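Residue-level structure breakdown
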Amino acid sequence: MAKTQYNADSITVLEGLEAVRKRPGMYIGGVGTKGLNHLIYEIVDNAVDEHLAGYCNEIWVTLEADGSCTVKDSGRGIPVGMHKKGVSAERVVLATLHAGGKFDNQAYKTSGGLHGVGSSVVNALSERMDVKIYQNGLIHHDAYERGIPVVELENGLLPVLGKTKATGTEINFLPDGEIFEKTRFKAEWLKSRLHETAYLNPALTIHYINRRPGEEEQVDYHEPDGIVAYVRELNSGKETVHEPIYYKGTSEGIEVEVAIQFVDAFEENTLGFCNNIFTQEGGTHLMGFKTRFTQLINGYARELSILKEKDSNFTGADTRNGMTAIVAVKHPDPIFEGQTKTKLASADATKAVFSVTGEELTLYFDRNLEVLKGIIGCAEKSAKIRKAEEKAKTNMLSKSKFSFDSNGKLANCESRDASKCEIFIVEGDSAGGSAKTARNRQYQAILPIRGKILNVEKASMDKVLANAEIKTMINAFGCGFSEGYGNDFDIAKLRYDKIILMTDADVDGSHIDTLLLTFLYRFMPELIYNGHVYIAMPPLYKVIPKKGQEQYLFDDKELERYRRSHTGEFTLQRYKGLGEMDPEQLWETTLDPERRVLKQVEIEDARMASEITEMLMGSDVPPRRQFIYDHADEAEIDA
Ligand code: TSJ
């Protein structure tokens, strides 16, 4: 009789996965949306590894109607034969916490931090996982619940469902609602990652299929032009200075691949990847690239007498003014560091990128003088503005030191304990006035702003800094700011733990949110990364029933819920804006830490920065509001 054998080995197996369920955050970096989305990529990475090993050119990723996800590839199929532990090798791969080894299937280690923790972690955190392996003419089947096998093996091997001519692996899994706060995958996030993977693997085709009701969609990602196409996409709609530059080479056993294209704009967008992993925090590969690039441009600028003897060199930032670049390396054994383990720390990557860039770019520039001149032109523009703005900045800062709040508008709080202080940026003088009356003056500061602050994307630096409201904000926050040319930002000096945007839930309010977020994003991005920025969610309705308790309702969904769960007559009050609330109401609904609802602004991915800003600055308002809310974490009751 075939029966699942629980021998000593399988007991350790269970214990291993028990640890994952006890502390899921340690393995996937959290049980919020980020960790949830990470599950899919943990599985997709296995299929991409099969591609890198040379055996798979197609991957299908399906968001199923029932909320689960299916990932399928056209590879060799996870080995199903008997493993020395006495069970099918597939069980060892999917039910053991394995930190590398025979079943890693990796041409390059993608491990280090969150990456490569393995399919068994996903298995442990899934309510159910179903596995089909197409191999040797047969469809082999296995299934798990919360990491525990629920299919009986036959002499240690997987049961066979039928015959097939195909080969590959197909995994369907449903994240465990007991573990994750939310179990709904973010389709937009997934699409963007899959597209990125396609750009980084030009021979691969990824089919994205969404079968969720109301969202049905299929997109095929295939980018034969690789990172060159990626750079083009990042620059789409912008005025480009030249056709993309592309080069690759190998040094120190590290494969280096780079695409560069300049645009006529004051921005830089350099993205680094190591072994297909986006290095959000940068690292040694980018260091090597930037150092060599700056040297090259300064060298050529002198050679061409664009820089005269008396002129100082361009700064690194000057030479990258307008640059969009992708630097992708393949490292046999990378080291990742940083808060999110997305900073490449391997020292040899600096050398490798430095050397390949020096050789290949020299060859390129020697043959493409016009492109070179265009790029040096971008650096000249930057240097000119930098010098003008350095002056403007000095003037501004020296003046403002003596006038802490030039408008007298900021109602600061009394406490100097930053960890307890909050500042509300409030739209409109009337709401600002109510907020000043209602607030807890010990810990809550109020800064009313009128109308619309400057659109920082479009305004030049000295104009931005001359804007009274921006000035007041910079001074109030106390931590300085950073932008392309210099970095005076010091988060340790931040005077408030929470910066709370408080605007009306209408078009104007949404525009102000957008502008404020863009300002923060451009000049103080760390505030967003470190979770200091929030959006207040004032209620839309108040219900006053004939009998029973008055209640605030935050949106239409809540109203709907209220209607369904309450009988009897009630009066419904709708708030059109913050200005309609009296101080007491404002305190109850929006200021009181015990009762208010805040959304924490969390830009999940810095790499989306340019897209985001561009989209935020478009003319459509509703999608922007949507964007902000999509990227604000679920409403959290801040108690
Ligand atoms: F692990 C997993 F379940 F997450 C998963 C693995 C999910 C998906 C969608 C694909 C895969 C996977 C694994 N695709 N292809 C492979 N290949 C192997 O595991 C494999 C095949 C053959 C050999 C060999 O040496 O013959 C070695 C390996 C590692």
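Residues numbered from 1 in each chain as written. Predicted model: local features only at pLDDT ≥ 70, side-chain atom pairs only at ≥ 80, totals over all residues. Heavy atoms only, no water.

**Section: the overall build of the protein**
Put simply, the rule is: In this description a helix means any DSSP run of H or I spanning at least four residues, a strand means any run of E spanning at least two, and both kinds are numbered starting from the N terminus. We call a residue buried when its accessible area falls under 20% of the maximum for its residue type, exposed when it is over 50%, and partly exposed in between, using a 1.4 Å probe and counting protein chains only. Any two residues whose heavy atoms approach within 4.5 Å are treated as being in contact. Surface exposure here means Shrake-Rupley accessible area, sampled with a 1.4 Å probe, where a residue is shielded only by the protein chains that are shown.
Per the secondary structure count, the protein includes 20 helices and 27 strands. Within the protein, the fraction of its 639 residues that count as buried is 53%. Excluding contacts between residues fewer than 6 apart, the proportion of contacts in the protein whose partners are at least 24 apart in sequence is 70%. Counting every atom, the protein has about 28,900 Å² of accessible surface; 50% of that belongs to carbon and sulfur.

**Remarks on helix α3 (residues 33-52)**
An α-helix turns once every 3.6 residues. As a result, residues three or four positions apart point the same way. Operational definition: Here the expected length of a helix is defined as 1.5 Å per residue gap, with one fewer gap than residues.
For α3, with 20 residues, the first-to-last C-alpha span of 28 Å sits near the 28 Å given by 1.5 Å per residue. With 17 of its 20 residues buried, α3 lies for the most part within the structure. Of the residues trailing α3, Gly54 is marked for its positive phi of about 100°.

**Some remarks on the sheet that holds strand β23 (residues 541-545)**
Strands belonging to one sheet form pairs held by backbone hydrogen bonds; the direction of such a pair is parallel or antiparallel. The following threshold applies: Pairing between strands is defined by DSSP: at least two bridges between the two strands are required. Only C-alpha atoms enter the line fits that serve as axes; for helices the fit covers just the stretch in contact. Angles between N-to-C directions range over 0 to 180 degrees.
The antiparallel open sheet is built from 3 strands, whose spatial order is β24-β23-β25. The open sheet terminates on both sides in strands that have one partner only, identified here as β24 (551-553) and β25 (570-574). Averaged over all pairs of adjacent strands, the angle between strand axes in this sheet comes to 25°, irrespective of strand direction. Examined bridge by bridge, β23 and β24 share 3 bridges and lie antiparallel to one another. Its bridge partner lying in β24, Val543 is registered against Gln551.

**Quick notes on the pairing of strand β12 (residues 269-274)**
Counted residue by residue, β12 has 6 buried out of 6 residues, so it is predominantly covered. Burial of the side chains of β12 extends over both faces: Asn269, Leu271 and Phe273 are buried on one face and Thr270, Gly272 and Cys274 on the other. Two elements, β12 and strand β14 (residues 323-330), share 6 bridges in a ladder whose sense is parallel. Paired with Leu271 across the strands is Ile326, a residue of β14.

**Quick look at the site of the ligand**
Rule in force here: Near residues are defined by distance, with any heavy atom within 4 Å of the molecule or strand qualifying the residue. Pairing of N or O atoms within 3.5 Å defines a polar contact, subject to two protein rules: one partner must be a possible hydrogen donor and the other a possible acceptor, and residues neighboring in sequence count only if both atoms are side-chain atoms. Polarity classes work like this: nonpolar for Ala, Val, Leu, Ile, Met, Phe, Trp, Tyr, Cys and Pro, charged for Asp, Glu, Lys and Arg, and polar for all others, with Gly in that last group.
Residues in close proximity to the ligand total 15 residues, the closest being Asn46, Glu50, Asp73, Ser119 and Ile171. Separating a nitrogen atom of the ligand from a side-chain N or O atom of Asp73 is a distance of 2.6 Å. For the ligand, a nitrogen atom lies 3.5 Å from a polar atom in the side chain of Thr169. For the shell around the ligand, the elements supplying multiple residues, two or more each, are α3, β2 (69-73), α4 (89-95) and β7 (168-175). In the shell around the ligand, the residues fall into 7 nonpolar, 5 polar and 3 charged.

**Looking at the pairing of β7**
Most of β7 is tucked away: 8 of the 8 residues are buried. Burial along β7 is two-sided: the residues Gly168, Glu170, Asn172 and Leu174 and Thr169, Ile171, Phe173 and Pro175 are all buried. Bridging between β2 and β7 involves 5 bridges; their strand directions are antiparallel. Each bridged residue has a counterpart across the sheet, and for Lys72 the counterpart in β7 is Glu170. Pairing geometry for strand β3 (residues 126-135) and β7, over 8 bridges, is antiparallel. Residue pairing in the sheet places Asp130 in a bridge with Asn172 of β7.

**Quick word on the packing of aromatic side chains**
So the rule is basically this: Note on ring pairs: Phe, Tyr and Trp rings are taken, using the six-membered ring of Trp, and paired if centres are within 6.5 Å. Classes follow the plane angle, with under 30 degrees stacked, over 60 edge-to-face and the rest tilted. In our convention, an over-ring charge means Lys NZ or Arg CZ found within 6 Å of a ring centre and within 35 degrees of that ring's normal.
For the structure shown, the criterion picks out 13 aromatic pairs. Taking 6.1 Å as the distance between ring centres and 20° as the angle between the ring planes, the aromatic pair formed by Phe262 and Phe293 counts as stacked. One end of the pair, Phe262, is in strand β11 (residues 254-262); the other, Phe293, is in helix α8 (residues 284-303), with 31 residues separating them in the sequence. Like Phe293, Phe262 is buried. Pairing Tyr364 with Phe365 gives two aromatic rings, centres 5.9 Å apart and planes at 75°, and the pair type is edge-to-face. Pair check on accessibility: Tyr364 and Phe365 agree, each one buried. One aromatic cluster is present, built from ring pairs that chain together Tyr199, Tyr230, Phe273 and Phe278. The ring of Tyr134 carries the charged tip of Lys72 above its face, separated from the ring centre by 5.7 Å. Seen from the ring of Tyr41, Arg193 lies directly overhead, with NZ or CZ sitting 3.9 Å from the centre.

**A word on the nonpolar core**
As a rule of thumb, nonpolar side chains are buried together in soluble globular proteins. How we decide: Take the buried Ala, Val, Leu, Ile, Met, Phe, Trp, Tyr and Cys residues and link them wherever side-chain atoms come within 4.5 Å; each set so joined is a nonpolar core.
Ile40, Val61, Met129, Phe173, Leu190 and Leu194 are the most contacted members of the largest nonpolar core, which totals 47 residues. With 8 residues, α3 is the single largest residue contributor to this core. Apart from residues no more than four positions distant in its own chain, Met129 is found in contact with Ile43, Leu94, Ser119, Val122, Asn123, Asp142, Ala143, Tyr144, Ile171, Asn172 and Phe173.

**Observations regarding helix α10 (residues 347-367)**
Counted at 1.5 Å a residue, the expected span for α10 with its 21 residues is 30 Å, and the 31 Å between its end C-alpha atoms agrees. Regarding α10, the residues found buried are Ala349, Ala352, Val353, Val356, Thr357, Gly358, Leu361, Tyr364 and Phe365.

**A few points about the pattern of salt bridges**
When the charged atoms of two side chains with opposite charge come close together, those side chains can pair. For the record, the criterion: Any Lys or Arg side-chain nitrogen found within 4 Å of a carboxyl oxygen on Asp or Glu counts as a salt bridge.
Overall, the coordinates contain 32 salt bridges when judged by the stated rule. Across the salt bridge formed by Glu268 and Arg320, the nearest N and O atoms sit 3.1 Å from each other. Residue Glu268 is found in the loop between β11 and β12, and its partner Arg320 is found in the loop between α9 (316-319) and β14; the two are separated by 52 residues along the sequence. With a relative accessible area of 12%, Arg320 lands in the buried category. Measuring nitrogen to oxygen at the nearest pair gives 2.6 Å for the salt bridge that ties Asp318 to Arg386. Of this pair, Asp318 sits in helix α9 while Arg386 is found in helix α11 (residues 369-400), placing the two residues 68 residues apart along the sequence. The exposure class assigned to Arg386 is buried, which follows from its relative accessible area of 9%. Among the ionic contacts, a cluster of salt bridges with common partners joins Arg21, Arg146, Asp176 and Glu178.

**Some points on the sheet that holds strand β13 (residues 277-278)**
Here 5 strands make up an open sheet; going across it, the order is β10-β11-β14-β12-β13 and the pairing mixed. Since the sheet does not close on itself, it has two edges, and those belong to β10 (245-251) and β13, each with one partner. Bridge analysis of β10 against β11 gives 7 bridges, and the strand direction is antiparallel. What sits directly across from Tyr246, in β11, is Ala259.

By themselves, these observations are geometric and do not establish any function.
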